[in-house]
Amino acid sequence: MEHAHHVEHPDMYDEESSKIGMWLFIFTELLLFGALFVVYAVYRYMNPDAFHLAAEELNRMIGAINTIILLISSMTIAMSTTALRKGHRKLAIALVSITFLIGLAFLVNKYFEWGVKFSHGIWPGSEHMLNEMSQGEILFFGLYFVMTGLHALHIIIGMAIMVFAIRGLINGKVQIDRPSLLDNCGLYWHLVDLIWIFLFPLFYLIH
Amino acid sequence: MQTSSAVNGANYLTYQGKYKGLLGWIFSTDHKRIGLLYMYSIATMFATGLLLGLAMKFELLAPGKTIMEAQTYNATFTVHGVIMIFMVVVPGLPAVFGNLMLPLMIGAKDVAFPKLNLLSWWLYVTGVFLVLAALLFGPGAPDTGWTFYAPYSFKTGTNLLPAVFGAFVLGFSSILTGLNFLVTIHRLRCPGLKWTKLPLFVWTLYGTAWIQLLATPVVGITLVLVALERVFGVGIFDPALGGDPILYQHLFWIYSHPAVYIMILPAMGAISEIIPTFAQKHIFGYKAIIASTMAIAFVGYLVWGHHMFTAGMSGTAQYYFSLLTFIVAIPSAIKVFNWISTLYKGAINVQTPFYWAISFIFVFMVGGLSGLVLGALATDVHVHDTAFVVGHFHYIVFGGTGFAFFAAMHYWFPKIFGRMYDKSWANIGWLVFTIGFLALYTPMFYLGIMGMPRRYYDYLEEFHGGNILSTFGSWVLATGFVIIVVNLIRSARKGEPAEKNPWHSKTLEWTVSSPPPVLNFDEEPVIGENDGPYNYK
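Residues numbered from 1 in each chain as written. Chains lettered and ligands numbered in written order. Predicted model: local features only at pLDDT ≥ 70, side-chain atom pairs only at ≥ 80, totals over all residues. Heavy atoms only, no water.

Caption draft 1: Highlighting the overall build of chain B. Helix and strand counts for chain B stand at 16 helices and two strands. Against the globule reference of 24 Å for 537 residues, chain B gives a C-alpha radius of gyration of 23 Å, in line with a compact fold. Along the longest, intermediate and shortest principal axes, the C-alpha atoms of chain B span 65 × 50 × 45 Å. Burial status across chain B gives 63% buried among its 537 residues. Roughly 19300 Å² of accessible area belongs to chain B as shown, and the carbon and sulfur atoms make up 68% of that amount. (Helix = DSSP H or I, 4+ residues; strand = E, 2+ residues; numbered from the N terminus. Rg over C-alpha atoms; globule rule 2.2 N^0.38 Å. Buried < 20%, exposed > 50% of the residue type's maximum accessible area, 1.4 Å probe, protein only. Areas by Shrake-Rupley, 256 points an atom, 1.4 Å probe, with all protein chains shown as cover.)

What follows is the structure, given as structure tokens:
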């Protein structure tokens, strides 16, 4: 067609669909981490003493602080969705921004925590690990770096979604009768929080 | 926004959206255009995989080196596997015919998330290029086999990293397609289209989507772990550092066995559309097919251990995995009985899609029954890692998915392109292809039982005869494929214009014009109490 008309595709926005889609995506994330939890369980069962010994190396204080940080951030993001539902757009923007900053604080903590490990010569494949640690300890730290690293990556993704949510709130794409992006941003952030709630005891607390 | 009637009868092939030309396709969120994008990309990758397969069969024409060294052969079967599994049979039917037909079959304008759908295709293409990069750059093509088994996958000097990452990205694409279809089927069925009135192809897409969603992340993280193992040496699968390579196999097959149901379920769905259409008869046991579909999707999760009978696992685990493997064969058999019963006393209209469907049932049965030989503990030890496994696998996956793909292709072709293909050439193509298929894979059962191992570029003199027949079969099969493709391409351009409903089918996609309008339905269809996808007189 030489002079075909301009065809717009239908706007398929549907709040219920978005919510189902996000929950399904959360299932996939749970399975992604679920596989890692299985690996963790197997190796912990095989090397109980070494896992205990290696866990002593971790700084429980930083872990606890980060747990509190994430719990607070879950609260602020939940408040932002409620704020939007009540029509307080500016408050919602402020709350998402605060959540973003708290996420950043988590990452800063994580940076220092990993930094201390590195300064002790602990990183995957380091000479200190290969020469002086038992196989169980190597596995513990291997899993520690993989699982907390993957979790930190999810924090970053969650923060990126927040940027889109804030942009949407500012330009009106996200509003009181179109809240899906912010809702899903919150759901995802809760997932990231929840995974940490499992990581924290598994690596820092269990003896 | 304009309705489709306002664009002067433009259909989805001809309309112009925001972009012109090629950009109007690769940036289109129209599910039908995306379906065609997948069709072209998958056909290209299939042809690539086919050429690699031909090269392998040529190498096996005679004992010793024929055209390539052992290392090249290893790389060839690896890349053949990666391409055919991750880029062809896994996305095959859902991404092509699911995208093209699902919204039409449920009376919707599009899928639930059109942009996400486009992203899935882009991810697919990204994955393809990543894997191809592994071939073209770096220290040589991957040689681990498509299973990337640890510890070799992080010890090999070949360029494995992009291939593993590519497979991960392809998995992500598959997850997003599954997610999209699940939400679409839940939310976008037209008024009156109850779950018990859904066409069976839609039901199988539904089961498939759940598997895509729930199994793929596991292989995703496993591939990430292999990559991390390669780059950082985290030790999780490395026995030298305390890791367990068998654990890799478990995690890999937790996905990769359900993945064969991702391949076969929509194939069964397409056959369940074609058989009643060409028998002009209500499908026999509609609810039994739905139940068996969901049973396959569920039990399929619990049988992965049968890939590892010889890898080392407890006797108890072996018994359970073997038992469950036999149980998962039952719902597949139920479907075969249903298809055959549908034909009984039907007014059978013998056309190309019907030939494909009938030959599908035959090769699927041979593939399925030979699978039981592998699922039984004692016989598996005998034929494990022999050509028998290759024969079984190709009968069920290439025979199953491939034949169903061509059946679906010849069934929905007039709807997709608005033109009918040359039927006699299509039939000749089917015949040549099928003869080639049987000659190519049947000898592998015999060779395997005689003890010829798989994945070797060389073999003993006593296996020569069977291999000659097999290689000859590969040439006939390729000839058949060329005939089919040339016929379809020619017909898509110059074929007779097709009617709305050339096969007199009852499902919704046949109620719109061929090719379908941009927004599918001028008016939203409504399904009445007495309507149904298989309500033939």
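Caption draft 2: Inspection of the pattern of salt bridges at higher detail. All names here are of chain A. In the structure shown here, the tally under the stated rule is nine salt bridges over all chains. Here Glu113 and Lys110 are joined by a salt bridge, their closest N and O atoms 3.3 Å apart. Of this pair, Glu113 and Lys110 both sit in helix H4 (residues 89-119), separated by three residues, roughly a single helical turn. Both residues of the pair, Glu113 and Lys110, belong to the buried class. Connected through salt bridges with shared partners, the residues Glu15, Arg85 and Asp183 form a single ionic network. (Salt bridge = Lys/Arg side-chain N within 4 Å of Asp/Glu carboxyl O.)

Caption draft 3: Structural view of the packing of helix H2 (residues 31-59) of chain B against helix H3 (residues 70-89) of chain B. Residue and element names in this part refer to chain B. The interhelical angle for the contact between H2 and H3, taken along N-to-C directions, is 150°, at an axis separation of 9 Å. The pairing of H2 with H3 is recorded here as roughly antiparallel in orientation. Handedness of the H2/H3 crossing: left-handed. On the side of H2, the interface is formed by Ile42, Met45, Phe46, Thr48, Gly49, Leu50, Leu52, Gly53, Met56 and Glu59, while H3 contributes Tyr73, Thr76, Phe77, Val79, His80, Ile83, Met84, Met87 and Val88. Partitioning the contact of H2 with H3 into residue classes produces 13 nonpolar, five polar and one charged. (Axes fitted to C-alpha atoms, helices over the stretch in contact; angles between N-to-C directions. Parallel < 35°, antiparallel > 145°, perpendicular 65-115°, else oblique. Left-handed = near helix turned anticlockwise from the far one by under 90°. Contact = heavy atoms within 4.5 Å. Nonpolar A, V, L, I, M, F, W, Y, C, P; charged D, E, K, R; others polar.)

Caption draft 4: Fine view of the interface of chain A and chain B. Facing 37 residues of chain A, the contacting portion of chain B comprises 48 residues. Summed over both partners, the interface of chain A with chain B comes to about 3800 Å²; 74% of that surface belongs to carbon and sulfur atoms. If you look at where chain A meets chain B, you find one salt bridge. Note that A:Asp14 is salt-bridged to B:Arg187, the shortest N-O span being 2.8 Å. The interface formed by chain A and chain B holds four residue pairs in polar contact (both at pLDDT 80 or more) in total. Those elements that provide at least two residues to the side of chain A that touches chain B are helix H1 (15-46) and helix H6 (135-171) of chain A. When residues in the side of chain A that touches chain B are grouped by element, the largest group, 16 residues, is from H1(A). Its residues assigned to classes, the side of chain A that touches chain B comprises 23 nonpolar, ten polar and four charged. (Buried area = accessible area lost by both parts, 1.4 Å probe. Polar contact = N/O pair within 3.5 Å; in protein donor to acceptor, adjacent residues only side chain to side chain.)

Caption draft 5: Summary view of the packing of aromatic side chains. Residue and element names in this part refer to chain B. Inspection of the entire model under this criterion finds 69 aromatic pairs over all chains. An angle of 80° between the planes, with centres 6.2 Å apart, marks the rings of Tyr149 and Tyr248 as edge-to-face. Here the residue Tyr149 occupies a position in the loop between helix H5 (114-136) and helix H6 (152-155), and Tyr248 occupies one in helix H9 (residues 245-279), the gap between them amounting to 99 residues. Its guanidinium or amino end placed over the ring of Trp25, Arg33 lies 4.4 Å from that ring's centre, counting from NZ or CZ. (Phe/Tyr/Trp six-rings, centres within 6.5 Å; stacked < 30°, edge-to-face > 60°. Lys NZ or Arg CZ within 6 Å of the ring centre and 35° of its normal.)

Caption draft 6: Local environment of the nonpolar core. All names here are of chain B. Counting residues in hydrophobic clusters, the biggest one holds 245 residues, and the most contacted among them are Phe97 and Trp412. In terms of residue count, the dominant contributor to this core is H9 (21 residues). When residues no more than four places from it in sequence are discounted, the contact partners of Phe97 are Met39, Gly92, Leu102, Phe201, Phe405, Ala408, Met409, Trp412 and Ile416. (Core = buried A, V, L, I, M, F, W, Y, C linked by side-chain atoms within 4.5 Å.)

Caption draft 7: How the structure looks around H9(B). All names here are of chain B. For H9, which comprises 35 residues, the first-to-last C-alpha distance of 51 Å matches the rise-based estimate of 51 Å (1.5 Å per residue) to within 8%. Trp253 marks the point of greatest bend in H9, at about 35°. Burial within H9 is extensive, with 33 of its 35 residues counted as buried. A distance of 3.0 Å separates the backbone nitrogen of Ile246 from a side-chain oxygen at the start of H9, and that oxygen is part of Asp244. One or two residues past the end of H9 sits Gln280, with phi positive at roughly 50°. (Expected span 1.5 Å × (residues − 1). Bend = angle between axes of the 7 residues up to and from the residue.)

Caption draft 8: Layout of helix H10 (residues 286-299) of chain B. Between its first and last C-alpha, H10(B) extends 20 Å over 14 residues, near the 20 Å set by a 1.5 Å rise per residue. Of the residues making up H10(B), those classed as buried are B:Tyr286, B:Ile289, B:Ile290, B:Ser292, B:Thr293, B:Ile296, B:Ala297 and B:Val299.

Caption draft 9: Broad picture of empty space enclosed by the protein. All names here are of chain B. Here the structure, examined in full by the defined rule, presents four cavities of 30 Å³ or more. Of the pockets and cavities examined, the largest cavity occupies roughly 120 Å³. Taken together, 14 residues make up the lining of the largest cavity; nearest its centre are Val90, Pro91, Leu170, Ser173 and Ser174. Sorting elements by how many residues they give to the lining of the largest cavity places helix H7 (residues 161-187) first, with six residues. Classifying every residue of the lining of the largest cavity by side-chain character gives nine nonpolar, five polar and no charged. (1 Å grid on protein atoms, 1.4 Å probe; cavity = no way out; pocket = protein on both sides within 12 Å on 5 of 7 lines; lining within 4 Å. Points joined across faces, edges and corners; volume = space filled by probe spheres on them.)

Caption draft 10: The side chain of B:Ser505, seen in detail. All names here are of chain B. Summarising the element assignment, Ser505 is placed in the segment after strand S2 (496-497). Look at Ser505 and you get buried, because its relative accessible area is 7%. Here Tyr411 takes part through its side chain, which lies 3.2 Å from a polar atom of the side chain of Ser505. Look past the residues within four positions of Ser505 in its chain and what remains in contact with it is Thr277, Tyr411, Trp510 and Tyr536.

Caption draft 11: Representation of unusual backbone geometry in the model. All names here are of chain B. Of note, the bond from Ala150 into Pro151 is cis; its omega dihedral lies within 30 degrees of zero at 0°. Counting through the fold element by element, Pro151 comes out in the loop between H5 and H6. Following Ser514, the chain continues into Pro515 via a peptide bond in cis, with omega recorded as -10°. Residue placement: Pro515 occurs in the segment after S2. Unlike most non-glycine residues, Gln280 shows phi in positive territory, near 50°. Of note, the phi angle at His504 is positive, near 55°, even though the residue is not glycine. A relative accessible area of 48% means that His504 is categorised as partly exposed.

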